[in-house]
Amino acid sequence: MGAAMADDQTAAPPLPADEGGLLAAIEQSLEEINLGFDYRVLNVLDDEEAHPPQIEALKDHLGTVIAARLFSLANSVHYGKLRSGQITRFVDVVKHLGTETTKSTAIFIALMGLSNTDESRCIFARNYGTSQLADVIAGQFGMSGNVRSRVALGGLFIEIGKIVMLLYTEKTGQVLAPGFIERHHRRVGAQLIECFALPEVLGAIITQPHFTFVKKEHLGTLALVGMAHAVVTSSFAEYGKLVVQSSMPDPEGILYKSTVGSMLMSHFQIMGLGAYLKVVPTDLSEQERHLIERCQSESEQR
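Quick caveat: nothing in here was measured; it's all calculated off a predicted structure.

Student: What exactly am I supposed to notice about the overall build of the chain here?
Tutor: Each helix and strand counted, the chain has 16 helices and 2 strands in total. Sorting the 302 residues of the chain into buried and exposed places 45% on the buried side. Nonlocal contacts in the chain, meaning residues at least 24 apart in sequence, comprise 69% of its contacts between residues at least 6 apart. In the form shown here, the chain has an accessible surface area of approximately 15700 Å², with 52% of it arising from carbon and sulfur atoms.

Student: I'm lost on a nonpolar patch on the surface in this one. Help?
Tutor: A cluster of nonpolar residues, F141, M143, M227 and V231, forms a patch on the protein surface that exposes about 350 Å² of accessible area. Take F141: it is sitting in the loop between α9 (118–140) and α10 (145–156). The class of F141 is exposed, set by a relative accessible area of 53%.

Student: I tried to follow the nonpolar core on my own but got confused; where do I start?
Tutor: It is characteristic of soluble globular proteins that their nonpolar side chains tend to be buried jointly. Of all hydrophobic cores here, the largest spans 83 residues; its most connected members are I26, L70, F90, F108, F157 and L192. Ranked by residue count, the leading element in this core is α9, at 10 residues. Dropping the residues within four chain positions of it, L70 is found in contact with L62, F90, V93, L97, T102, T105, A106 and I109.

Student: How do you make sense of the packing of aromatic side chains when you look at a structure like this?
Tutor: Aromatic ring pairs are defined here through the distance separating the ring centres and the angle between the ring planes. One pass over the full model with this rule turns up 6 aromatic pairs. Ring centres 5.1 Å apart and planes at 80 degrees place the aromatic pair Y39 and F196 in the edge-to-face group. Note that Y39 is positioned in the loop between α2 (19–29) and α3 (52–56) and F196 in the loop between α12 (178–195) and α13 (200–207), a separation of 157 residues in sequence. We classify Y39 as partly exposed; its relative accessible area is 24%. An aromatic cluster of three or more residues is present, and its members are F108, F124 and F157.

Student: Would you mind showing me how to read the environment of F124 here?
Tutor: Looking at where F124 falls in the secondary structure, it is placed in helix α9. Note on F124: relative accessible area 1%, which makes it buried. Taking the C-alpha atoms as reference points, F124 and M271, separated by 147 residues in sequence, lie 9.9 Å from one another. Once you skip the residues sitting within four places of it in the chain, F124 turns out to touch F108, L111, M112, S115, I160, I163 and L273.

Student: Sorry if this is basic, but what is going on with α9 here?
Tutor: In an α-helix, one turn spans 3.6 residues; hence positions three or four apart end up facing the same way. The end-to-end C-alpha separation of α9 is 32 Å, in line with the 33 Å expected for 23 residues at 1.5 Å each. Counting buried positions along α9 gives 18 out of 23 residues, so the element sits mostly inside the fold. Following α9 by one or two positions, G142 has its phi on the positive side, about 75 degrees.

Student: Help me out: how do you make sense of the environment of N116 in this one?
Tutor: Its location among the elements puts N116 in the loop between α8 (99–112) and α9. Side-chain polar atoms of N116 contact the side chain of R121, separated by 3.5 Å.

Calculation notes
Residues numbered from 1 in each chain as written. Predicted model: local features only at pLDDT ≥ 70, side-chain atom pairs only at ≥ 80, totals over all residues. Heavy atoms only, no water. Helix = DSSP H or I, 4+ residues; strand = E, 2+ residues; numbered from the N terminus. Buried < 20%, exposed > 50% of the residue type's maximum accessible area, 1.4 Å probe, protein only. Contact = heavy atoms within 4.5 Å. Areas by Shrake-Rupley, 256 points an atom, 1.4 Å probe, with all protein chains shown as cover. Patch = residues over 30% accessible without salt bridge, like charges linked within 9 Å, V, L, I, M, F, W, Y side chains within 5 Å. Salt bridge = Lys/Arg side-chain N within 4 Å of Asp/Glu carboxyl O. Core = buried A, V, L, I, M, F, W, Y, C linked by side-chain atoms within 4.5 Å. Phe/Tyr/Trp six-rings, centres within 6.5 Å; stacked < 30°, edge-to-face > 60°. Expected span 1.5 Å × (residues − 1). Polar contact = N/O pair within 3.5 Å; in protein donor to acceptor, adjacent residues only side chain to side chain.

This is the structure we're talking about:
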């Protein structure tokens, strides 16, 4: 997409010149997106009176790949830290991830299957990195579970409009100028949120290009997502991936059985995006090394 798009930053927009008409065509293309399943089956998650068998049947509608990744996420340390045993029922997947997270993540995974170009995978990885980082930051600030879920989902779809635009280009062959994409991807992303009946708050998050002091409850959410997205964008610009530093579990689990770094690695791998994350391990302090050595010595003497 290189030369034509680069030249267009100083030249006139590509045809059709009417951005409104082009946007309408792109938004119309949303109705033609085939996720591989009827997204309306996910509406059962919005029904408070839905019976467990109805929820359990979703895994067959979603298909093997989506269901397997949702099971893996539910069984991961972050989501399964309070449980014992392996989750084997989809109804328990929904219980651990939450209805909104299950529904939104299922659609995100389905969208990942529609385009496998380097550019699209990079966008998916930035979205996923923003989601994960926003959740971690919210946790560090002591935010509630509801806020953490909201910022994680906001990050997950922060650049999703760009994916819709790439799919439009792949289908029609019409190259979109970078400036056009940057100006309008948030609006297109909000249309996708509406089209697939995802939580309305996601549309509000991704269409807000700046912080707002109008509604106090929005400030924290927008700030957290914005902070995470800025970090991810900067890291991708410099390294082509998200690079973070974190302590890592020691082999025997004496100091740490799980860390933020190991959790991020697990989640990125589950989503098939492991190549877009690098965790730089922090060095152990002298005290930590002595503790490990003492515990290992005591273990050998038993």
